[in-house]
Amino acid sequence: MPGQSAARVAVDADVGVTGSVTPTRASALPVDANLQVRLLGGFALHRGDAALSIPAAGRRLVALVALRDRGVSRVQAAGVLWGESSDERACGSVRTVLWALRKGGINIIDAAGGTLTLARDIDVDVRVMTSVANGLLAGQVRAQDVNLELFAEDLLPDWYDEWLASDRERLRQLRLNALEAMSASLVSAGQVHAAVQAALCAVASEPLRESANRVLIEAYLAEGNRADALRHFRSFAQLLSRELGLRPTQPLVDLVRAG
């Protein structure tokens, strides 16, 4: 990720109310193609190598719009982010945040026509991860060509907003499925060390997920490390029993015995 820079853009203090600002009517804005939005592992906004600082309300609006590929209406955004306020006050908060972003020279959200959209040619890590993950699962992207770091982080893990729950779980499942597919594909390609690393990433994210543990055991066996495979199976079985009172499925037991 790009490093910090002295050329930080500071937008006025965080906003959650309309205040005395009277924003002008929004129109289509020229896209700043050098902007990069990072949502995996935490929020970050950069222009080239320069980190941009925006208040919490701006970060949340940018994140919401970035996660809605088809855009979100002003009313929907107001309800999601300022649902505890009156409709008038919530919509006013949206206008104020948009005004503050434009005032800071950050042309990232197009608010024309009452729909808030983030231009697709702006670099958004979630969109890249989603595209690559779907390509892996469809067999259209080679696992050897994928950087494992793309699947290393969850969506905004330090945010506790309720509206993020469904997006976080959706992306988490996609990421885990992609890691498992990546590991299996790498085993088939003979790149077993890389396969182990991909499977370890999946297991670290969800230790109780049997499909993730299975691909790791398969990768260990493909590597010729039967002791590691058996050791991991026993560890997984103990964790599963202790946490859920369950046992590994028979197919997994058979895999270990056959290995």
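Higher on the page you've got the structure.
As a starting point, this report considers the structure included with it.

### A look at the overall build of the protein
Looking only at helices and strands, one finds nine helices and seven strands in the protein. A buried classification covers 43% of the 259 residues belonging to the protein. Here the protein displays about 13100 Å² of accessible surface, and carbon together with sulfur accounts for 49% of that area.

### Quick notes on the environment of valine 75
By the element assignment, valine 75 lies in helix α2 (residues 74–81). For valine 75 and valine 94, which are 19 residues apart along the polypeptide, the C-alpha to C-alpha distance reads 8.8 Å.

### Focus: the nonpolar core
If you look at the biggest cluster of nonpolar residues, it comprises 74 residues, and the most contacted ones within it are Val37, Leu39, Ile108, Ile109 and Leu116. Leave out the neighbours within four places in its chain, and valine 37 touches Phe43, Ala44, Leu45, Val62, Ile108, Leu118, Ile122, Asp123, Val124 and Asp125.

### Overview of the layout of surface pockets
As a volume, the largest pocket reaches approximately 330 Å³. What lines the largest pocket is a set of 10 residues, and nearest its centre among them are Arg38, Leu40, Asp125, Glu149 and Leu150. Within the lining of the largest pocket, the residues separate by chemical class into five nonpolar, one polar and four charged.

### Thoughts on the sheet that holds strand β6 (residues 115–118)
Picture the strands of a sheet paired through backbone hydrogen bonds; they go either parallel or antiparallel. Here three strands make up an open sheet; going across it, the order is β4-β6-β5 and the pairing antiparallel. Looking along the sheet, the strands with just one partner apiece sit at the ends: β4 (72–73) and β5 (109–110). For β4 and β6, the ladder comprises two bridges, and the chain directions are antiparallel. Residue pairing across strands places serine 73 opposite threonine 115, the latter belonging to β6. Sitting on the sheet, helix α1 (residues 56–66) is in contact with β4, β5 and β6, with an inclination near 85° to β6.

### A word on the environment of leucine 200
Inspection of the secondary structure puts leucine 200 in helix α6 (residues 192–205). According to the relative accessible area criterion, leucine 200 is partly exposed, its value standing at 32%. Separated by 21 residues in the primary sequence, leucine 200 and leucine 179 place their C-alpha atoms 9.1 Å from one another. Setting aside anything within four residues of it in sequence, one finds leucine 200 in contact with Leu216 and Tyr220.

### So, α6
If you check α6, its first and last C-alpha atoms are 20 Å apart, about what 14 residues at 1.5 Å a residue would give, namely 20 Å. Within α6, the full set of buried residues consists of Val192, Ala195, Val196, Ala198, Ala199, Cys201, Ala202 and Val203. Packing partners of the buried residues in α6 comprise α5 (165–188), α7 (210–223) and α8 (226–244).

### Comments concerning the packing of aromatic side chains
If you walk through the whole model with that rule in mind, you get one aromatic pair. When the ring of phenylalanine 43 is compared with that of tryptophan 159, the centres are 6.1 Å apart and the planes differ by 20°; the resulting orientation is stacked. Separated by 116 residues along the polypeptide, phenylalanine 43 in the loop between β1 (35–38) and β2 (44–47) and tryptophan 159 in the loop between α4 (125–137) and α5 bring together distant segments of the chain. Lying over the aromatic face of tryptophan 159, arginine 60 brings its terminal NZ or CZ to 4.2 Å of the ring centre.

### Description of the sheet that holds strand β3 (residues 50–51)
With mixed pairing, the four strands of this open sheet are ordered in space as β3-β2-β1-β7. Every interior strand has two partners, whereas the edge strands, β3 and β7 (123–124), have only one. Both β2 and β3 contribute to a ladder of two bridges, which runs antiparallel. Paired with arginine 47 across the two strands is alanine 50, which belongs to β3.

What counts and how
- Residues numbered from 1 in each chain as written.
- Predicted model: local features only at pLDDT ≥ 70, side-chain atom pairs only at ≥ 80, totals over all residues.
- Heavy atoms only, no water.
- Helix = DSSP H or I, 4+ residues; strand = E, 2+ residues; numbered from the N terminus.
- Buried < 20%, exposed > 50% of the residue type's maximum accessible area, 1.4 Å probe, protein only.
- Areas by Shrake-Rupley, 256 points an atom, 1.4 Å probe, with all protein chains shown as cover.
- Core = buried A, V, L, I, M, F, W, Y, C linked by side-chain atoms within 4.5 Å.
- Contact = heavy atoms within 4.5 Å.
- 1 Å grid on protein atoms, 1.4 Å probe; cavity = no way out; pocket = protein on both sides within 12 Å on 5 of 7 lines; lining within 4 Å.
- Points joined across faces, edges and corners; volume = space filled by probe spheres on them.
- Nonpolar A, V, L, I, M, F, W, Y, C, P; charged D, E, K, R; others polar.
- Pairing = 2+ DSSP bridges.
- Axes fitted to C-alpha atoms, helices over the stretch in contact; angles between N-to-C directions.
- Expected span 1.5 Å × (residues − 1).
- Phe/Tyr/Trp six-rings, centres within 6.5 Å; stacked < 30°, edge-to-face > 60°.
- Lys NZ or Arg CZ within 6 Å of the ring centre and 35° of its normal.

Worth remembering: the numbers are spatial, not functional.
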